[in-house]
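Report on the structure
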Amino acid sequence: MSRKEMELAGAKVARAAGSGASVPVEYCQVCGHAPLVKVLSLGYMPPVNQMVAIGEVPRQQPWFPTDLLHCAKCELVQLGLAVDPVIIFPPEYPYTSGTTKLLRDNFADLHRESAAMLGLGADDLVIDLGSNDGTLLSNFKNGGHRVLGIEPTEVGKIADGRGIPTLMRYFTPEVAAEVKREHGPARVVTAANCFAHIEDVHSIVQGILDLLAPDGVFISESHYLIGLLDRLQYDTIYHEHLRYYSLTSLANLLSLHGLEVFHARAIPTHGGSIRVYAARKGARPVYDSVAKVLAAEPRGEAMLARLKRFRNDVMLSKLRLLAMIRELKEQGARICGISAPSRASTLVNYLGLDEAIIDYVCEIAGSLKIGKCMPGTSIPVVEESRLFSDQPDCAVIFSWHIADEVAPKLRAKGYRGKLVTPLPVPREL
Ligand SMILES: [Zn+2]
């Protein structure tokens, strides 16, 4: 695809940014192909990070259709609606990556693996896009490298306070050019769990390409479509996540910009992600891992059949979980939720849970979500200590993807009720 063709494909795609609202995705966000095939609908959902304070009078809130579409041409699975970032990424965006041990461990591993593989030196600049609270970059900083974070939300201030220089801007080709003038080319650009979030993906990749030194490497970590399908993680489908990458679709996107994937591997974050290394075509030897991952991914008709099975499994999962909850409520049980990650909003709203069913949701002390209500509901989010004094009969772990980390802690702190994981199969631990 030439730059001209890409611009033409890009021009067909309506932009939500700046609209103050949302636009349907009618052409593939990557290759411009139409029509896209609808493979799943979760109904209408509220923005996952707009949380109303407990006790506030309920007001009008936007709800957005939540459908998944498949592109037959480049294999991209994508959301059927793009919502203006000002709506889904409010400045008070309450997500911080440093609070999850699994994420902290993963970023330490990313530093070890990439520093060894690329032979990173002291002068090498590492830039993280969507750098959040600086957790990823702190590893590179401690490793002695130059670092710069780019983070549009208020969370960037936390990173700055921890000594991670952070530019609080949305990443655009203009910002890329500015950063390069000021700091020089980057040896590594990372994008962890934000590469699926940004609407104009081609200008982002172009910006990354402009930032990278000739031997520079782009490392992305994205929630992995195949893992999402295999573990029934439909709860990770929400409007921040515009695209759900397989390695096939991600490699197709990067190759449009002359970037070649040279290493890929599965990592455990967010319930199953993929770490992908790319460089300018021919700049690095390509590892066997790439062909191996690609060979295991379904394509075309096989992918459509896989997505159809997923749709049926999602529906059955909802009915089974509701059956389990109904049985508990018939016995008079009190039920609470454990943790309020963004994905919990999809689960709660897709199932239609409300404050009559779930008394409250617990977050660990310090969470910015405490004192607010679960999106789209009046279910209050409270500090975790309430669980131990209150001892409700059952606790549903909404952060079920890290249940192994969460459940033993709750037991050690004295919770005696039932612990339930809602997905992939509703199960008492
Ligand atoms: Zn496409």
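Whatever comes next refers back to the structure up there.
Since the model is a prediction, treat every value here as computed from it, not as a measurement.

Protein-derived coordination of the zinc ion comes from Cys-28 (SG), Cys-31 (SG), Cys-71 (SG) and Cys-74 (SG), at a distance range of 2.2 to 2.3 Å. Angles of 101 to 115° at the metal separate the 4 donor atoms of the zinc ion, which places the site in the tetrahedral class. One chain supplies every donor to the zinc ion, and in sequence these donors are spaced C-x2-C-x39-C-x2-C. Here Cys-71 lies in the loop between β3 (64-70) and β4 (77-79) and Cys-31 lies in the loop between β1 (22-24) and β2 (37-45), a separation of 40 residues in the sequence. For Cys-71, a relative accessible area of 0% translates into the label buried.

This part is about empty space enclosed by the protein. Applying the stated criterion to the full structure yields 4 cavities of 30 Å³ or more. As a volume, the largest cavity reaches approximately 60 Å³. Around the largest cavity, the lining residues are Asn-193, Ala-196, His-197, His-223, Thr-236, His-241, Arg-243 and Tyr-244. Residue composition of the lining of the largest cavity, by class: 2 nonpolar, 5 polar and 1 charged. One number sums up the size of the second largest cavity: a volume of about 50 Å³. As for the second largest cavity, its lining consists of Val-13, Ala-14, Arg-15, Val-23, Pro-24, Val-25, Gln-29, Ala-82, Glu-199 and Leu-242.

Two elements in contact, helix α3 (residues 101-118) and helix α4 (residues 135-142), have axes separated by 8 Å at closest approach and are oriented at 40°. Classed by the angle they form, the pair α3 and α4 counts as oblique. Handedness of the crossing formed by α3 with α4: right-handed. Along the contact surface, α3 presents Arg-104, Phe-107, Ala-108, Leu-110, His-111 and Ser-114, while α4 presents Thr-135, Leu-136, Asn-139 and Phe-140.

Core analysis: the largest hydrophobic core is formed by 94 residues, its most contacted members being Ile-127, Phe-195 and Tyr-234. Ranked by the residues each element gives to this core, the list is headed by helix α11 (residues 300-330), at 7 residues. Apart from the residues within four sequence positions on either side, Tyr-234 is in contact with Leu-42, Phe-310, Val-314, Ser-317, Thr-346, Leu-347, Tyr-350, Leu-351 and Leu-423. Membership of the second largest hydrophobic core comes to 20 residues, among which are Met-117, Phe-140, Ala-159 and Ala-192.

So, on to the layout of surface pockets. Counted as a void, the second largest pocket has a volume near 270 Å³. If you trace the second largest pocket, you find 16 residues lining it, with Arg-231, Trp-400, His-401, Ala-403 and Asp-404 closest to the centre. Counting residues per element, the lining of the second largest pocket draws most heavily on helix α14 (residues 403-412), at 4 residues. Among the residues making up the lining of the second largest pocket, the classes are represented as 10 nonpolar, 2 polar and 4 charged.

Next up on the list: the sheet that holds β4. Hydrogen bonds along the backbone pair up the strands of a sheet, which may run parallel or antiparallel. The antiparallel open sheet is built from 4 strands, whose spatial order is β2-β3-β4-β11. For this open sheet the edge positions go to β2 and β11 (243-244), each flanked by a neighbour on one side alone. Inspection of the sheet shows β4 paired to β11 by 2 bridges, in the antiparallel sense. In the sheet register, Val-77 faces β11, and the bridge partner there is Tyr-244.

Attention shifts here to the environment of Gly-376. For Gly-376, the position within the fold is in the loop between β15 (358-363) and β16 (381-383). Assessed through its relative accessible area of 30%, Gly-376 is described here as partly exposed. In this structure the C-alpha to C-alpha distance between Gly-376 and Cys-394, which are 18 residues apart in sequence, comes to 22 Å.

One pass over the structure, following the stated rule, counts 0 disulfides. Take Cys-373: it sits in no disulfide, and the sulfur closest to it among the cysteines is that of Cys-362, at 14 Å. Relative accessible area serves as the criterion here: at 9%, Cys-373 is assigned to the buried category.

Here we take up the pairing of strand β12 (residues 259-267). One ladder, built from 8 bridges, connects β12 with strand β13 (residues 273-280); its direction is antiparallel. Residue pairing across strands places Ile-267 opposite Ser-273, the latter belonging to β13.

The final tally for this structure, using the stated rule, is 5 aromatic pairs. A cation sits over an aromatic face here: Lys-318 above Tyr-350, 4.2 Å from the ring centre. The residue whose ring lies beneath Arg-386 is Tyr-360, and the NZ or CZ to ring-centre distance is 4.2 Å.

On to helix α10 (residues 288-295), then. Of all the positions in α10, only Ser-289, Val-290 and Val-293 are classed as buried. Seen end-on, α10 carries its buried residues on one side only, within an arc spanning 100°. Exposed positions of α10 whose direction lies more than 90 degrees from the buried face are Asp-288, Ala-291, Lys-292 and Ala-295. The inward-facing, buried residues of α10 abut α9 (247-255), β12 and β13.

The rules behind these values
Residues numbered from 1 in each chain as written. Predicted model: local features only at pLDDT ≥ 70, side-chain atom pairs only at ≥ 80, totals over all residues. Heavy atoms only, no water. Donors = N, O, S within 2.8 Å, 3.2 Å for Na, K, Ca; no water. Tetrahedral: all angles 85-135°; square planar, octahedral: opposite > 155°, others 65-115°. Helix = DSSP H or I, 4+ residues; strand = E, 2+ residues; numbered from the N terminus. Buried < 20%, exposed > 50% of the residue type's maximum accessible area, 1.4 Å probe, protein only. 1 Å grid on protein atoms, 1.4 Å probe; cavity = no way out; pocket = protein on both sides within 12 Å on 5 of 7 lines; lining within 4 Å. Points joined across faces, edges and corners; volume = space filled by probe spheres on them. Nonpolar A, V, L, I, M, F, W, Y, C, P; charged D, E, K, R; others polar. Axes fitted to C-alpha atoms, helices over the stretch in contact; angles between N-to-C directions. Parallel < 35°, antiparallel > 145°, perpendicular 65-115°, else oblique. Left-handed = near helix turned anticlockwise from the far one by under 90°. Contact = heavy atoms within 4.5 Å. Core = buried A, V, L, I, M, F, W, Y, C linked by side-chain atoms within 4.5 Å. Pairing = 2+ DSSP bridges. Disulfide = S-S within 2.5 Å. Phe/Tyr/Trp six-rings, centres within 6.5 Å; stacked < 30°, edge-to-face > 60°. Lys NZ or Arg CZ within 6 Å of the ring centre and 35° of its normal. Arc of directions from axis to C-beta.

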